[in-house]
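# Structural characterization, general
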Amino acid sequence: MSRERRPAATLHIDWTLCDGRGLCTELLPERLARDEWGYPLARDGSGGDVPLAASQLEAARDAVALCPRLALTLRKD
Amino acid sequence: MSGMGGEVRPPRGAGRLFAAPASDLTSHLATFGPVPDGPAASHLLDELQASGLQGRGGAAFPAWRKFAAAGSGRDPRSRGGAAVVVANGAEGEPRSAKDATLLRAAPHLVIDGLLLAGRTIGARELYLVTTAASLPYVARAIAERTDATAIRLREVPEAFLSGEASAVISSLEGGPALPRDKSRRLSSSGLAGRPTLLNNVETLAQVALIARFGAEWFRRLGTEEEPGTRLVTVSGSDLAPTVREVVGGMTVAAIVRAAGGSTDTLGAVLVGGYHGAWLPAERLDTPLTGHDLAPFGAAPGAGILVLLESASCGLKASAAIAGYLAAQSARQCGPCANGLPRMAEVLEKLAGGSRDTALPAEIRRLAALVTGRGSCHHPDGTTRLVLSALTVFSAEVKAHLAGGCLADRRARAGVAA
Ligand code: SF4
Ligand code: SF4
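First, a word on scope: everything that follows refers to the structure included in this document. (Residues numbered from 1 in each chain as written. Chains lettered and ligands numbered in written order. Predicted model: local features only at pLDDT ≥ 70, side-chain atom pairs only at ≥ 80, totals over all residues. Heavy atoms only, no water.)

With that settled, consider the interface of chain A and chain B. It is common to give the size of an interface as the accessible area that goes away when the parts come together. Each partner contributes residues to the interface: chain A has 14 residues there, and chain B has 18 residues. Of the roughly 1,300 Å² buried between chain A and chain B, counting both surfaces, carbon and sulfur atoms make up 59%. Sorting the residues of chain A by area buried against chain B places Trp15(A), Thr16(A) and Trp37(A) first, and these three jointly supply 50% of that buried surface. Here chain A and chain B share two salt bridges between them. Linking Asp35(A) and Arg373(B) is a salt bridge whose minimum nitrogen-to-oxygen distance equals 3.0 Å. (Contact = heavy atoms within 4.5 Å. Buried area = accessible area lost by both parts, 1.4 Å probe. Salt bridge = Lys/Arg side-chain N within 4 Å of Asp/Glu carboxyl O.)

As structure tokens, this is what we get:
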């Protein structure tokens, strides 16, 4: 996330639901890597609330819709 | 009834919460007088703000702000409904005994505080949650009075995380006593979606005193940052868990001595419990305030101090705690369920005498990997303890990697002497 721009939205991961199958990390490779157990790992170290740029919103919406555990929510700031 | 007619004087010494000679209602009323009644809701909020009282469950959030947030219902995400107040006496920390002691010795102060909180924010439901061991004391106190029939008592299991705010709400809703995802705020959407005020039982007991004697009285003891008194639990070395009421801003060394411990042979003190941080022996003159403890990554928290003898290995003690904490993970969140056991294992190796020089870096990597990646602060708290061990016991880390143990050496020297 560049420092000048405010994030367009935040992707929230509910860790109690996520089972680490990694679908979201395939849809948002710029923002999310996978840790050694398969769980999504924000590349900027932002934990469970991952800031998104406007260009990433569509992929994030797909991830929310396709997450098999309904673990993701998108929050407009 | 005795005591009701006489003039009640506010407690003058540091023994405020435990000022009553016995736990029954008559002693309570004779010592503190009745709960002030009337519609003074906004007045209490003002007094709380002026008092500077902070939460005593660990997070140290200003009490008045929490009251105001739950009372306003202004949050647009609130599903509304009548507000709920929860007195939290779950006390999951194994090294804390202050809440159990308070509920046993001064249950009426906690009940007063809960009733006052309910009145202030206009709550209709009042709960007090605590462990099976403390329930009878509270039940007996409630049975002694006529104004507390609305309070519902609920038992929570004795587990490290059962006192976590969202875990308490979950168990009140009939679910498991496990933390939940934090996308909803308790103040607007807590128990059954209603605005919820959850306070530690000591916080509520302090509220009961401030409502009677005022903010100015409260601040007569303590410091600007740490006004009033607070309960602490000191244990470790050969000291059984000892609860004391101490004046805010006292040094760690003074608190240890007040609890009957000695600082002479200490190597370090764990401040803030198992999610806390180590304070090295040469810095025990540090006051128990957020500001003074911040350089060590510690905070007063729930007032828990654990003593470590200089002849005991800090790495071994920390590894044992990390192992306990890893086992207490609710195993709901992948990074916590997988990362904490792994981190504890590597620390255990280092403590156990492995000379693999890559271990400290691996612990730091795992700590960074789990931090911020759970639904509660258990990964962050565990990480704090582990990283503090690497820092405060850095000489011990070096000694272990060189095949020795400084604490062992001190123990042997002590035996020889
Ligand atoms: S798609 Fe959902 S379940 Fe899978 S890793 Fe991402 S958040 Fe977790
Ligand atoms: S972070 Fe750990 S302890 Fe907290 S809810 Fe998740 S699994 Fe449980």
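Having seen it, we continue.
Residue and element names in this part refer to chain B. Pairing is parallel in the open sheet, where four strands are placed in the order S3-S2-S1-S4. Among the strands making up the open sheet, the edge pair consists of strand S3 (151-155) and strand S4 (196-200). The sheet shows a mean angle of 20 degrees between the axes of neighbouring strands, direction not considered. As judged from the five bridges shared by strand S1 (residues 83-89) and S4, these two strands associate in the parallel manner. Within the sheet, the bridge partner assigned to valine 84 lies in S4 and is threonine 196. This element, helix H5 (residues 107-121), spans S1, strand S2 (123-130), S3 and S4 of the sheet and lies at about 150 degrees to S2. (Pairing = 2+ DSSP bridges. Helix = DSSP H or I, 4+ residues; strand = E, 2+ residues; numbered from the N terminus. Axes fitted to C-alpha atoms, helices over the stretch in contact; angles between N-to-C directions.)

Attention now moves to the sheet that holds strand S5 (residues 72-76) of chain A. Residue and element names in this part refer to chain A. An order of S4-S1-S5 is seen for the three strands of this open sheet, with the pairing classed as antiparallel. In the strand order of this sheet, the two ends are held by strand S4 (49-52) and S5, each with one partner. Within this sheet the neighbouring strands show an average axis-to-axis angle of 25 degrees, counted without direction.

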